[in-house]
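Summary of the model geometry
Next come the chains, spelled out residue by residue.
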Amino acid sequence: AGIDHLVKLTSDLKLDNVRETFPTAYPETNPVDVYRIHLTNVLEKITGVDRKIIYPALQWTQGLDKGDVMMAVPALRVKGKKPDELAKEWTDKFPEDDPLISKPVVTAVHMSFFFKTEPLTKAVIPLIRSLGKTYGNNPAMGLKDPKNPDGERKRIIVEFSSPNIAKPFHAGHLRSTIIGGFIANLYELAGWDVVRINYLGDWGKQYGLLALAFERYGDEEALNKDPINHLFNLYVRINAEIKEEEDKVKALKAEGKDAEAAQLVESGLDEQARKYFKKMVDGDETALKQWRRFRDLSITRYQQTYARLNIHFDSYSGESQVPESAMEAAAREMEAKGISTESDGARIVDFTALVPGKEGKRLERPIIRKKDGTALYLTRDISELLGRHEKYNYDQMIYVVASQQDLHLKQLFKIVELMGHKDIAAKCQHINFGMVLGMSTRKGTVKFLDDILRDVGDKMHEVMRKNDDKYSQVANPEATADTLGISSVMIQDMTGKRINNYTFNMDAMTSFEGDTGPYLQYAHARVCSIERRAAIPAEELAKADLSLLTEPHAINLVRALSQWPDVVQNTLKTLEPTTVVIYLFKLTHVLSSSYDGLRIVGAEEEVRKARMALYDAARIVISNGMRLLGLSPVERM
Ligand code: ARG
């Protein structure tokens, strides 16, 4: 609905088959792209530069005071004249009576373009209100052939969260979950076919050890009731025993009692665990059955927690799911191609010899087969990557893993490349992130995700209870407190750039002051409350006379709202949640500051409707942004 309004006002906008000329233009969903196309037409006449060079030079701005789009004159690559002179010259030639855009504002070599307000308002508010939840989505971006809207979509695999069964779900997994969920949502909005994979740490000698622990100290009831905690307790207990044994062995050796030490090693837990795991690898049904139960129970429990975070997975893969046969095939391939070499009985990839210079040194010499023939973390990842390509035939794959594993993923991708799968390696990308500091219990032990979410939820409940009036109107205060708590954690996580470390700070994240999760939720709930009180039917809002929105606050709000699809498009380049977070806080600040000047109560009937339509559009954009981040917007709090 909205875009037509702009098209009618101009004589030069033909949007059919627009991507033949501008492959990255999506005017059907992004109003700013409509302006870009029109502006390109105007500037082509003035500058004589090719439209294909002009269009991508029309960039978004750092703030509304810098215009709605801007252009760095040197980007047009016109020779023979100084850019600042060109800027002035082109601005002089810019038509005064352009229907959509005011005369540019020049600062040095930049030209800032401001959209004329009435056409923008009349286009954007109806566009947002008619698209609703889908405003900001850009399904055409995921097309294999951007010119064919009915054609095939690109497929992306996002691997994220990937905790280790029986070990703590630590901050690294929390960040992977939050960031991965966001990236998966983002690609979905862009029309990609998204496959979400959780690659569990569910294989290796430690799972043999866990089974031994269960044989000795396991409790069926506790396992069924709370598998994650029970398995973890077993894990801690048996690891303490292993440590004791190791200490004993050391002591014996120190006393020169080597035979006794060797005997202890031979009969010890570590050796038993190794044997047990060997049984699992060899397909011993009893051993596998027990292990599978641990895995299934853990997954069921994880799923409950993921649901609280609005996250689901299409596949629970894991280290256990990589077939031995695939690893053997990969091993043969690597040997045949001279990628793996023998070293002390083990097989390694000696990057220092394979890859010249600094890069080879940096990649080191990882082991891919131990002396006793067992595979490793890296070995499994190689086969898993290739297996996924066969199974899903992905166009891209993203691994959301902490930056501690930068080297591991570099090694992985390089090995796949050296194996002759350069094309597959090129489709893989590591999205890394920094650490969370200060996230442990008072006792200094590890904390589980559920405990963290519960603590933060309790804290929010406390805050809510301070306002009796409002509290009594919230239908399910516990659930709302839970949602607010989760929002607190998530916004704190997504506020900085991914790579930065941050400190887990319960007081700061749950505060209503500053750019926090609760503040964002409050901004959303407040518009909802204004809409409830005004109670103007949607059909009435659709008929509102939007030319009544002339105040600077109203105009700035419309301008901010018009940027949302562009923000989404830009986020696909940065893959940074903070790109969205920054935008949402800017938007909510513009919104909060407009309430005083754009009152609903006491305003004249037509003005009331127009303002309400604007607020309704703002609510939609805030909600869409929050849902992209993975938050559940609340309507009351
Ligand atoms: N389970 C691993 C860990 O907790 C993370 C897995 C990352 N993904 C991968 N394909 N290696 O450290």
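Everything numeric in this text was worked out from a predicted model, so none of it was measured.

For the rest of this paragraph, the subject is the overall build of the protein. When its secondary structure is counted, the protein shows 29 helices and 14 strands. Considering only C-alpha atoms, the protein reaches an extent of 95 × 65 × 40 Å along its principal axes. Taken across its 637 residues, the protein has 53% of its residues classed as buried. Pairs at least 24 residues apart make up 71% of the contacts formed inside the protein by residues separated by at least 6 positions. Surface accessibility of the protein: about 29000 Å² in total, with carbon and sulfur atoms responsible for 51%. A distance of 2 Å separates the average location of the 87 positive side-chain charges in the protein from that of its 90 negative side-chain charges.

All right, on to the pattern of salt bridges then. Evaluated as defined, the whole model comprises 48 salt bridges. Asp-65 is the partner of Lys-66 in a salt bridge, and the nearest nitrogen-oxygen pair spans 3.4 Å. Using a relative accessible area of 40% as the deciding quantity, one classes Lys-66 as partly exposed. Put simply, Lys-414 and Glu-359 hold a salt bridge, and the shortest N to O gap is 3.6 Å. Taken as a pair, Lys-414 in helix H18 (residues 406-418) and Glu-359 in helix H16 (residues 357-363) lie far apart in primary sequence, 55 residues in all. One network of salt bridges, in which partners are shared, links Arg-129, Glu-531, Asp-616 and Arg-619.

By volume, the largest pocket is sized at about 1100 Å³. Around the largest pocket, the lining is made up of 49 residues, and of these Trp-203, Gln-206, Glu-319, Tyr-377 and Arg-380 lie nearest the centre. Partitioned by chemical class, the residues of the lining of the largest pocket number 17 nonpolar, 16 polar and 16 charged. One number sums up the size of the second largest pocket: a volume of about 500 Å³.

Another aspect to go through is the sheet that holds strand E5 (residues 155-159). The five strands lie next to each other as E7-E6-E5-E11-E12, forming an open sheet whose pairing is parallel. The two strands at the open ends of the sheet, each matched to only one other strand, are strand E7 (315-318) and strand E12 (428-431). Shown here is a sheet whose adjacent strand axes are inclined to one another by a mean of 25 degrees, direction ignored. Relative to E7, strand E6 (residues 193-200) runs parallel, the two being bridged by four bridges. Opposite Tyr-199, over in E7, you have Ser-317 as the bridge partner. In the packing of helix H17 (residues 377-392) onto the sheet, the strands contacted are E5, E6, E7, strand E11 (396-400) and E12, and the crossing angle to E6 comes to about 155 degrees.

Right, let's talk about the sheet that holds strand E4 (residues 110-113) for a bit. Overall, antiparallel pairing links the four strands, which are arranged E1-E2-E4-E3 in an open sheet. Two strands bound the open sheet, and with one partner strand each, they are strand E1 (58-60) and strand E3 (105-107). Neighbouring strand axes in the sheet, compared pairwise and without regard to direction, differ in orientation by 35 degrees on average. Judged from the three bridges that link them, E3 and E4 form a sheet pairing that is antiparallel. Its bridge partner being in E4, Val-106 is matched across the sheet by Met-111. Running over the sheet, helix H5 (residues 83-93) touches strand E2 (69-72), E3 and E4 and is turned about 30 degrees from E4.

Quick look at helix H7 (residues 171-189) now. Over its 19 residues, H7 runs 27 Å from end to end, which matches the ideal 27 Å to within 8%, given 1.5 Å per residue. A large share of H7 lies buried, amounting to 17 of its 19 residues. Residue Gly-191 follows H7 closely and has a positive phi angle near 80 degrees.

What follows concerns the packing of aromatic side chains. With the rule as written, the count across this model stands at 17 aromatic pairs. A ring pair is formed by Trp-203 and Trp-291, whose centres lie 5.1 Å apart and whose planes are at 75 degrees; its orientation type is edge-to-face. Of this pair, Trp-203 sits in the loop between E6 and helix H8 (205-217) while Trp-291 sits in helix H13 (residues 285-308), and the two are 88 residues apart along the sequence. On the basis of relative accessible area, Trp-203 is assigned to the buried category, the value being 11%. Seen in terms of ring centroids, Tyr-595 and Tyr-615 are 5.3 Å apart; in terms of plane orientation they differ by 55 degrees. Their pairing is tilted. Residue Tyr-595 is located in the loop between helix H28 (577-594) and helix H29 (605-629), and its partner Tyr-615 is located in helix H29; the two are separated by 20 residues in the primary sequence. Like Tyr-615, Tyr-595 is buried. Three or more aromatic residues joined by ring pairs make a cluster, and in this case those are Phe-160, Phe-169, Tyr-302, Tyr-306, Phe-313 and Tyr-316. Sitting above the plane of the Tyr-217 ring, Arg-237 keeps its charged end 3.6 Å from the centroid.

Another point: the nonpolar core. In summary, soluble globular proteins display a tendency toward joint burial of nonpolar side chains. Phe-113 and Tyr-615 are the most contacted members of the largest nonpolar core, which has 158 residues in total. Here this core gets 13 residues from one element, more than from any other, and that element is H29. Not counting residues up to four positions away in its chain, the partners in contact with Phe-113 are Leu-39, Leu-43, Leu-58, Gly-67, Asp-68, Val-69, Met-70, Met-71, Phe-94, Ile-101 and Pro-104. Ile-339, Phe-351, Tyr-394 and Phe-413 belong to the second-largest nonpolar core, a separate cluster that totals 29 residues.

Further remarks concern unusual backbone geometry. Although it is not a glycine, Ser-162 sits at a positive phi angle of roughly 45 degrees. Relative to the elements of secondary structure, Ser-162 occurs in the loop between E5 and H7. Residue class for Ser-162 comes out buried when judged on its relative accessible area of 16%. Positioned with a positive phi, Ala-535 is a non-glycine residue whose angle comes to about 50 degrees. The residue Ala-535 is located in the loop between helix H24 (517-534) and helix H25 (538-542) in this model.

A separate point is the packing of H7 against helix H27 (residues 564-574). Pairs of packed helices are described in terms of their axes, by the angle between the two and the distance that separates them. Their axes nearest at 10 Å, the elements H7 and H27 cross at an angle of 125 degrees. One way to sum up the angle between H7 and H27 is to call them oblique. In this structure, the crossing between H7 and H27 has a hand that is left-handed. In this structure, H7 contributes Phe-182, Leu-186, Tyr-187 and Leu-189 to the contact, and H27 contributes Val-568, Thr-571 and Leu-572. Classifying every residue of the contact of H7 with H27 gives six nonpolar, one polar and no charged.

Reading the values: the criteria
Residues numbered from 1 in each chain as written. Predicted model: local features only at pLDDT ≥ 70, side-chain atom pairs only at ≥ 80, totals over all residues. Heavy atoms only, no water. Helix = DSSP H or I, 4+ residues; strand = E, 2+ residues; numbered from the N terminus. Buried < 20%, exposed > 50% of the residue type's maximum accessible area, 1.4 Å probe, protein only. Contact = heavy atoms within 4.5 Å. Areas by Shrake-Rupley, 256 points an atom, 1.4 Å probe, with all protein chains shown as cover. Lys, Arg positive; Asp, Glu negative; His and termini not counted. Charge placed at Lys NZ, Arg CZ, Asp CG, Glu CD. Salt bridge = Lys/Arg side-chain N within 4 Å of Asp/Glu carboxyl O. 1 Å grid on protein atoms, 1.4 Å probe; cavity = no way out; pocket = protein on both sides within 12 Å on 5 of 7 lines; lining within 4 Å. Points joined across faces, edges and corners; volume = space filled by probe spheres on them. Nonpolar A, V, L, I, M, F, W, Y, C, P; charged D, E, K, R; others polar. Pairing = 2+ DSSP bridges. Axes fitted to C-alpha atoms, helices over the stretch in contact; angles between N-to-C directions. Expected span 1.5 Å × (residues − 1). Phe/Tyr/Trp six-rings, centres within 6.5 Å; stacked < 30°, edge-to-face > 60°. Lys NZ or Arg CZ within 6 Å of the ring centre and 35° of its normal. Core = buried A, V, L, I, M, F, W, Y, C linked by side-chain atoms within 4.5 Å. Parallel < 35°, antiparallel > 145°, perpendicular 65-115°, else oblique. Left-handed = near helix turned anticlockwise from the far one by under 90°.

By themselves, these are just geometric observations and shouldn't be taken as functional.
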